[in-house]
Amino acid sequence: MSSTLEVAGGRPLRGRLRVPGDKSISHRALLLGALAEGTSHVTGMAAGDDVARTAAALQALGAGVDFDVVDRVGAATVSGGRRRLHASATPLEVANSGTSMRLLAGVCASLPWTTTIGGDESLSGRPMDRVAVPLRRMGAAVDGVGDTVRPPLTVRGGDLHGIDYVLPVPSAQVKGTVLLAGLGAEGDTVVRESVLTRAHTEEMLAAVGGDVEVSADHLTTRVRASKLEPFRLDVAGDPSQAAFWVVAACITPGSDVVIERVYVGQARAGFLDVLRRMGALVDVEPAADGTADIRARYGPLRGTAVGGAEVAGLIDEIPVLAVAAALAEGPTTFADASELRVKETDRAAALASELAALGIPVEERPDGLVVPGAMRFRGGAVRSHGDHRMAMAMAVAGMASDENAGVVRIEGWDSVLTSYPGFEEDLQQLCR
Ligand code: S3P
């Protein structure tokens, strides 16, 4: 894949599309398959490098993982069980994938040996103290670099005991890490949240026989050591990937698209609420399997305020929502979103600099952004900052720019390989 993509505007998006399988679910399917006693089969998975890293790491830990990609869709057969697992002969390498590192740390904390997990330059700058603190409290030894415990991470596990843990940051990754460690701990492990985050770990654990209880308000989850059953799973479409096409259709004149079979469960569909507040023409058609088809059509948008408890449920969608905000009538504020600064890049800073390169003067704030509305994109060169979601958000700005605005040239386009290798083909399919 070329490391540069040029996207010109002036073409509506039309047609139906399936986006890659949900990345969060794909990681967890591999991890739970590796812990379940027997052979699990997973289809419809995300085919990017991030999920492939989790697959390779689990293979190195002794699970039988056969992960294949056909027509850009991943499928895995995973033969697991704690008795199969053993220490990895080499450090685990998870490249850009924060989810792999954190969730694997949770599993490794419950295994009685030492595992080292390393990542690329971007991941090596990201904080792992958020998982090190609870895992240490459970009895594991977790070491990394500096005060924020940056990678490489060394986890010496075994002999864990349950804890009652209040999440200091809203994070489904941290919740998942503690719950996965709790599966191999003595006694109860309880995670308490103050805002809703993605529920994949607890939902999937319950489906495979895990001893897990979730409170009625979904804010408290309790898990006990359990024997997991092997399973079959067809992964639903990733709402965070669907968001790029939904937003692109909402802001590109003449567009009308349907994104099929998208997961719309807890803390994943918040971007649709924001778009509706902005006046967008989005319709959600639920299907019997719990997924939904999302139809999005072009129409005028107005600015809105995004903040508070809803942010945890749309943090990955802020880059593309900021693109929509630039074209809306009136300003849009993104607040309470300081987590943006510790993603694959500092997304608040990256959005401010790259939207400025397209003629949009964004105000950067410690906890977010203010995007002035009623602007038009001008063509220009932008950088992905090695962040797949920045790259794809900039492609959406290109699609939504006027025919005569000049192309948007995205440098570092190959960052999309982590999550959405087929984005360019899907773009060609919708913008014919
Ligand atoms: C993820 C949770 C989110 C999200 C990330 C994947 C997960 O991170 O940004 O892309 O799979 O649990 P946080 O939970 O750290 O906010």
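In this text the structure is predicted, and so the values were computed from the model without any measurement.

Regarding the packing of helix H7 (residues 239-251) against helix H9 (residues 318-327)
Angle between the axes and distance between the axes are the two parameters that describe a pair of packed helices. Orientation of H7 relative to H9, taken along the N-to-C sense of each, is 5°, at an axis distance of 9 Å. Relative to H9, the element H7 lies roughly parallel. For the pair H7 and H9, the contacting residues are Ala-243, Phe-244, Val-247 and Ile-251 in the first and Val-320, Leu-321, Val-323, Ala-324 and Leu-327 in the second. Among the residues making up the contact of H7 with H9, the classes are represented as nine nonpolar, no polar and no charged.

Section: the site of the ligand
In the vicinity of the ligand, the contacting residues are Ser-24, Arg-28, Thr-99, Ser-171, Ala-172, Gln-173, Arg-198, Ile-315, Asp-316 and Lys-343. Ser-24 places a side-chain nitrogen or oxygen 2.7 Å from an oxygen atom of the ligand. In the model, an oxygen atom of the ligand is placed 3.0 Å from a nitrogen or oxygen of the Ser-171 side chain. Counting atoms within 2 Å of the grid points, the majority share of the ligand lands in the largest pocket. The set of elements that each furnish at least two residues to the shell around the ligand consists of helix H1 (23-35) and helix H5 (172-182). Taken together, the residues of the shell around the ligand sort by class into two nonpolar, four polar and four charged.

A look at the domain arrangement of the protein
Assigned domains within the protein: domain 1 (4-20 + 239-431) and domain 2 (23-223). Taking only C-alpha atoms into account, the centre of domain 1 sits 28 Å from that of domain 2. The interface is formed by 22 residues belonging to domain 1 together with 24 residues belonging to domain 2. In this assembly, domain 1 packs against domain 2 so that about 2,000 Å² is buried in total across both faces, 48% of it on carbon and sulfur atoms. Considering only the surface of domain 1 that becomes buried against domain 2, Gln-266, Glu-344 and Thr-418 emerge as the three largest contributors, covering 30% of it.

Structural notes on the layout of surface pockets
Taken as a whole, the largest pocket holds about 500 Å³ of empty space. Contributing to the lining of the largest pocket are 35 residues, with Gln-173, Arg-198, Ile-315, Asp-316 and Lys-343 lying nearest its centre. Contributions of two or more residues to the lining of the largest pocket are made by H1, helix H3 (98-109) and H5. Taken together, the residues that form the lining of the largest pocket break down as seven nonpolar, twelve polar and 16 charged. The two domains that each donate at least three residues to the lining of the largest pocket are domain 1 (4-20 + 239-431) and domain 2 (23-223).

Regarding the packing of aromatic side chains
Evaluated as defined, the whole model comprises five aromatic pairs. Centre to centre, the rings of Trp-245 and Tyr-420 are 6.4 Å apart; their planes meet at 80°, and the pair counts as edge-to-face. Within this pair, whereas Trp-245 is found in helix H7, its partner Tyr-420 is found in the loop between strand S25 (408-411) and helix H12 (423-430), the two being separated by 175 residues in sequence. Tyr-420 carries the same exposure label as Trp-245, and that label is buried. Site record: aromatic cluster; members linked through ring pairs are Phe-244, Trp-245, Trp-413, Tyr-420 and Phe-423.

Looking at the pairing of strand S17 (residues 256-263)
Side-chain direction in a regular strand flips from residue to residue, so the side chains alternate between the two faces of the sheet. S17 sits mainly inside the fold: seven of its eight residues count as buried. When S17 meets strand S19 (residues 291-297), the two strands line up antiparallel, connected through six bridges. Bridge pairing in S19 links Val-262 to Ala-292.

What counts, and at which threshold
- Residues numbered from 1 in each chain as written.
- Predicted model: local features only at pLDDT ≥ 70, side-chain atom pairs only at ≥ 80, totals over all residues.
- Heavy atoms only, no water.
- Axes fitted to C-alpha atoms, helices over the stretch in contact; angles between N-to-C directions.
- Helix = DSSP H or I, 4+ residues; strand = E, 2+ residues; numbered from the N terminus.
- Parallel < 35°, antiparallel > 145°, perpendicular 65-115°, else oblique.
- Contact = heavy atoms within 4.5 Å.
- Nonpolar A, V, L, I, M, F, W, Y, C, P; charged D, E, K, R; others polar.
- Near = heavy atom within 4 Å.
- Polar contact = N/O pair within 3.5 Å; in protein donor to acceptor, adjacent residues only side chain to side chain.
- 1 Å grid on protein atoms, 1.4 Å probe; cavity = no way out; pocket = protein on both sides within 12 Å on 5 of 7 lines; lining within 4 Å.
- Sits in = over half its atoms within 2 Å of the grid points.
- Domains from an automatic or database assignment.
- Buried area = accessible area lost by both parts, 1.4 Å probe.
- Points joined across faces, edges and corners; volume = space filled by probe spheres on them.
- Phe/Tyr/Trp six-rings, centres within 6.5 Å; stacked < 30°, edge-to-face > 60°.
- Buried < 20%, exposed > 50% of the residue type's maximum accessible area, 1.4 Å probe, protein only.
- Pairing = 2+ DSSP bridges.

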